[in-house]
Amino acid sequence: MTHIDDAAPIGFPEATEEKGLKSGALGLVSSIVIGMASTAPAYSLAASLGFVVATTNGDGIVGVKAPSIMLLAFVPMLLIAIAYQQLNKAEPDCGTTFTWATRAFGPKVGWMGGWGIIAADVIVMANLAQIAGAYTFQLFGWDGLLESSFWTTFAGVIWITVMTYICYRGIEVSARLQYALLGIEVIVLIAFSIFALVRVYTDNATPESLTPSLSWLWPSGLSLSALVTATLIAVFIYWGWDTAVSVNEETADPDKTPGRAAIISTLLLLMTYAIVSIATVAFAGTGESDLGLANPDNADDVFNALGPSVFGDSALGKGLEILLILSVLSSASASTQTTILPTARTSLAMGAFKALPSAFAKIHPRYLTPTVSTIWMGLVSIIFYVVMTIVSTNILGDTIAAVGLMIAFYYGLTGFAAVWFYRHHIFDSVSDFFMKGLWPFLGGLMLLSAFIIASYQYAQPDYGSTTLMGIGDVFIIGIGSLLLGAVLMFIWNAIAPAFFRGETLPRRSASDLVLVVPREDETVRLPDSGLPDLVVAPDLFNLPEGAVAIDLATGMEVDSEEDLEELHEQQEAAEHIEYMHDDKEPPPAERT
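Residues numbered from 1 in each chain as written. Predicted model: local features only at pLDDT ≥ 70, side-chain atom pairs only at ≥ 80, totals over all residues. Heavy atoms only, no water.

Some thoughts on the overall build of the chain
Secondary structure assignment for the chain yields 19 helices and nine strands. Contacts spanning at least 24 positions in sequence make up 76% of the contacts within the chain whose residues lie at least 6 apart. Counting every atom, the chain has about 23,600 Å² of accessible surface; 64% of that belongs to carbon and sulfur. (Helix = DSSP H or I, 4+ residues; strand = E, 2+ residues; numbered from the N terminus. Contact = heavy atoms within 4.5 Å. Areas by Shrake-Rupley, 256 points an atom, 1.4 Å probe, with all protein chains shown as cover.)

Structure follows, in structure tokens:
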């Protein structure tokens, strides 16, 4: 059998030098911190929990069942995190959904997956910037500026600019800042929950307070419409853990660490959200007046409304109230930063594979970060934020629901991509059936269903703050963003068709044999390097003379009929061992 030292399959991102990012800069803990900080726990709960509680359920509302929605939304998040983990093992590329969907379904589907990430991040940046700007003034007691739309918008623009610069300076600077910001959030959220529950059980809470019950954790009595709408809002609360995977090319052990970080992040978020939601519902109740969570005046910022009552008037309480404001501010600012990170890396990958102009693939020679991609993300976010503010500040609230559509779109696409990429290996073992097949498929199916049902609901004229031609603005923002992406895709296809012809990032499955060449230090192996990207036929008929193929599933090199027979024997032996392990008779060898 032929072996080539230090060889690698062409087009397979075996080295982070392919794009120029700083490899090994992050470990498991750093990746988990980035994954959790990207979800902005304090901000997400402050901005969304009230809307979950107030979601219409027949003649009533979701109400005390809000904690069950947190558990329900966790299920597709965990299943999609598994899909990310499995795909990242095969191809740890910073393009994530863009790269994997292209491999599985082809260039157009992959391009739309990448656009889904970019559009979702740009849309949510407007909401993040508004929260960061408003909480800055609230922290310092500048009520006059807080009430001014111009000054809160100006402060939000400053926050986007600062966080864009930090992302530009380097991934390690970003990670160190996330340690501090996430630490503040977690400590304050724990303190808030403890104070709230103590007040409930000592009869020192609000008149509307409720005693927690295990029934809150089960969504019985909720209609399908309420389940879908509330869950899609809660999905927004979990959204962001995939940032841990988007920085995979800057992570030590990139094929394992990012996937582990994604799953651990979702589990930690589940515990955080379940505890805080139970404590908040118990303390405030679900009424539509005073401090009730269904009160429209409280829905868009429950912590601001409840903080003084939860912590009290003591010196300690005042201090914790300030920290609560600081935690939401730090949460929004941290998420602003970690929203820029995955978007810049997605557009970097799209630029590297010529799905966008090559300028997006530029890397800073000193900081080893995407330069054009990072700057463009900041600029486009600022423009979108300012335009939305000019149109109506109410629309910014509807962006949360619109982002839910985008999340369901590209997360669901990733789940289906995992199933299709591994379709030839799903039945190799019990573990493969669940991890590469069933769980990703169910995650994708859940989010696809939520996307379809929610799209119908969001299009109704009575949904959202405004309408256009009888269509709800949430539908217009969400679906309109996807349609805009489709238009831009066809325009770029006409300008630069190489990517769309499969020349830079061809379709591939986990069972393909891929051409191998020796790695040359002086060769910058970008997709436009001129080297072929060839999937070799199973019978080796198109293997160039003197070349070697590699089986991606086993890592075995093949360059002759004898090697091919040995590969088949290894595959049959593996199947035999698996069947014996399951106490079944091995299947007859049927190899061609």
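Some points on empty space enclosed by the protein
The full count for this structure, using the stated rule, is two cavities of 30 Å³ or more. In this structure, the largest cavity encloses a volume near 130 Å³. Contributing to the lining of the largest cavity are 18 residues, with S38, W239, G240, S335 and T339 lying nearest its centre. Of all the secondary structure elements, the ones that give two or more residues to the lining of the largest cavity are α1 (28-39), α2 (41-54), α5 (107-139) and α14 (315-352). Among the elements that line the lining of the largest cavity, the one with the most residues is α14, at four residues. Of the residues in the lining of the largest cavity, the class split is eight nonpolar, eight polar and two charged. (1 Å grid on protein atoms, 1.4 Å probe; cavity = no way out; pocket = protein on both sides within 12 Å on 5 of 7 lines; lining within 4 Å. Points joined across faces, edges and corners; volume = space filled by probe spheres on them. Nonpolar A, V, L, I, M, F, W, Y, C, P; charged D, E, K, R; others polar.)

Looking at a negative patch on the surface
Residues E561, E562, E565, E566 and E569 make up a contiguous surface patch of negative charge. Within the secondary structure, E569 is located in helix α19 (residues 561-581). (Patch = residues over 30% accessible without salt bridge, like charges linked within 9 Å, V, L, I, M, F, W, Y side chains within 5 Å. Salt bridge = Lys/Arg side-chain N within 4 Å of Asp/Glu carboxyl O. Lys, Arg positive; Asp, Glu negative; His and termini not counted. Charge placed at Lys NZ, Arg CZ, Asp CG, Glu CD.)

Notes on the side chain of S265
Residue position: S265 is located in helix α11 (residues 257-284). Beyond its immediate sequence surroundings of up to four residues, S265 is in contact with I32, G35, M36 and W241.

Observations concerning the pattern of salt bridges
Evaluated as defined, the whole model comprises three salt bridges. Note that E91 and R103 form a salt bridge whose closest N and O atoms lie 2.9 Å from each other. Here R103 lies in helix α4 (residues 97-105) and E91 lies in the loop between α3 (66-90) and α4, a separation of twelve residues in the sequence. R103 carries the same exposure label as E91, and that label is buried. A salt bridge links D432 to K436; the shortest N-O distance between them is 3.5 Å. Residue D432 and its partner K436 are both found in helix α17 (residues 430-458); the two are separated by four residues, about one turn of the helix. Note on D432: relative accessible area 16%, which makes it buried. A relative accessible area of 15% places K436 in the buried class. (Buried < 20%, exposed > 50% of the residue type's maximum accessible area, 1.4 Å probe, protein only.)

Considerations on the side chain of N295
Mapping N295 onto the fold places it in the loop between α11 and α12 (296-299). Of note is the side chain of N295, whose polar atom sits 2.9 Å from the backbone oxygen of D290. For N295, the contacting residues outside a window of four places in its chain are G287, E288, S289 and D290. (Polar contact = N/O pair within 3.5 Å; in protein donor to acceptor, adjacent residues only side chain to side chain.)

Section: helix α15 (residues 372-391)
Helix length check: α15, at 20 residues, gives a terminal C-alpha distance of 28 Å against a target of 28 Å (1.5 Å per residue), a fit within 8%. Within α15 the residues assigned to the buried category are V372, S373, T374, M377, G378, S381, I382, Y385, M388 and T389. (Expected span 1.5 Å × (residues − 1).)

Quick notes on the confidence of the model for the chain
Overall, the predicted model of the chain reaches an average pLDDT of 79, with 80% of residues at or above 70. Mean pLDDT values over the elements of the chain span from 38, in strand β1 (residues 7-9), up to 93, in α4. Residue range residues 1-17 is modelled with pLDDT below 50. Its contacts to residues more than four positions away, or to other chains, number 57 contacts. (pLDDT = per-residue confidence, 0-100.)

Notes on the packing of helix α7 (residues 149-169) against α15
One can describe the packing of α7 onto α15 by two numbers: an axis separation of 9 Å at closest approach and a directional angle of 170°. In terms of orientation, α7 and α15 fall into the roughly antiparallel class. Across from S149, T152, T153, G156, V157, I160, T161, T164, C167 and Y168 in α7, the residues of α15 making contact are T374, I375, G378, S381, I382, Y385, V386 and T389. Here the residues of the contact of α7 with α15 sort into eight nonpolar, ten polar and no charged. (Axes fitted to C-alpha atoms, helices over the stretch in contact; angles between N-to-C directions. Parallel < 35°, antiparallel > 145°, perpendicular 65-115°, else oblique.)

Structural notes on the nonpolar core
Counting residues in each nonpolar core, the largest one holds 143 residues, and the members touching the most others are W111, Y238, W239, F303 and Y411. Of the residues forming this core, the biggest block, 17 residues, is contributed by α5. (Core = buried A, V, L, I, M, F, W, Y, C linked by side-chain atoms within 4.5 Å.)

Digging into the packing of α17 against helix α18 (residues 473-495)
Relative orientation of the contacting elements α17 and α18 amounts to 130°, with a least axis distance of 8 Å. Our classification of the angle between α17 and α18 gives oblique. At the point where α17 passes α18, the crossing takes the left-handed sense. In contact with F451, S455 and Y458 of α17, α18 contributes V474, F475, I479 and L482. (Left-handed = near helix turned anticlockwise from the far one by under 90°.)

Brief notes about the packing of aromatic side chains
Inspection of every chain in the model, using the stated rule, returns 26 aromatic pairs. Taking 6.2 Å as the distance between ring centres and 45° as the angle between the ring planes, the aromatic pair formed by F137 and W142 counts as tilted. Seen in terms of ring centroids, F433 and F434 are 5.2 Å apart; in terms of plane orientation they differ by 80°. Their pairing is edge-to-face. The exposure class of F434 is partly exposed, given its relative accessible area of 29%. The ring of W420 carries the charged tip of R423 above its face, separated from the ring centre by 4.3 Å. (Phe/Tyr/Trp six-rings, centres within 6.5 Å; stacked < 30°, edge-to-face > 60°. Lys NZ or Arg CZ within 6 Å of the ring centre and 35° of its normal.)

Looking at the environment of P41
With respect to the helices and strands, the residue P41 is situated in helix α2. It is 9.9 Å that separates the C-alpha atoms of P41 and W239, two residues lying 198 residues apart in sequence. Excluding residues that lie within four positions of it along the chain, P41 makes contacts with M36, E185, L189, L269, Y273 and S331.

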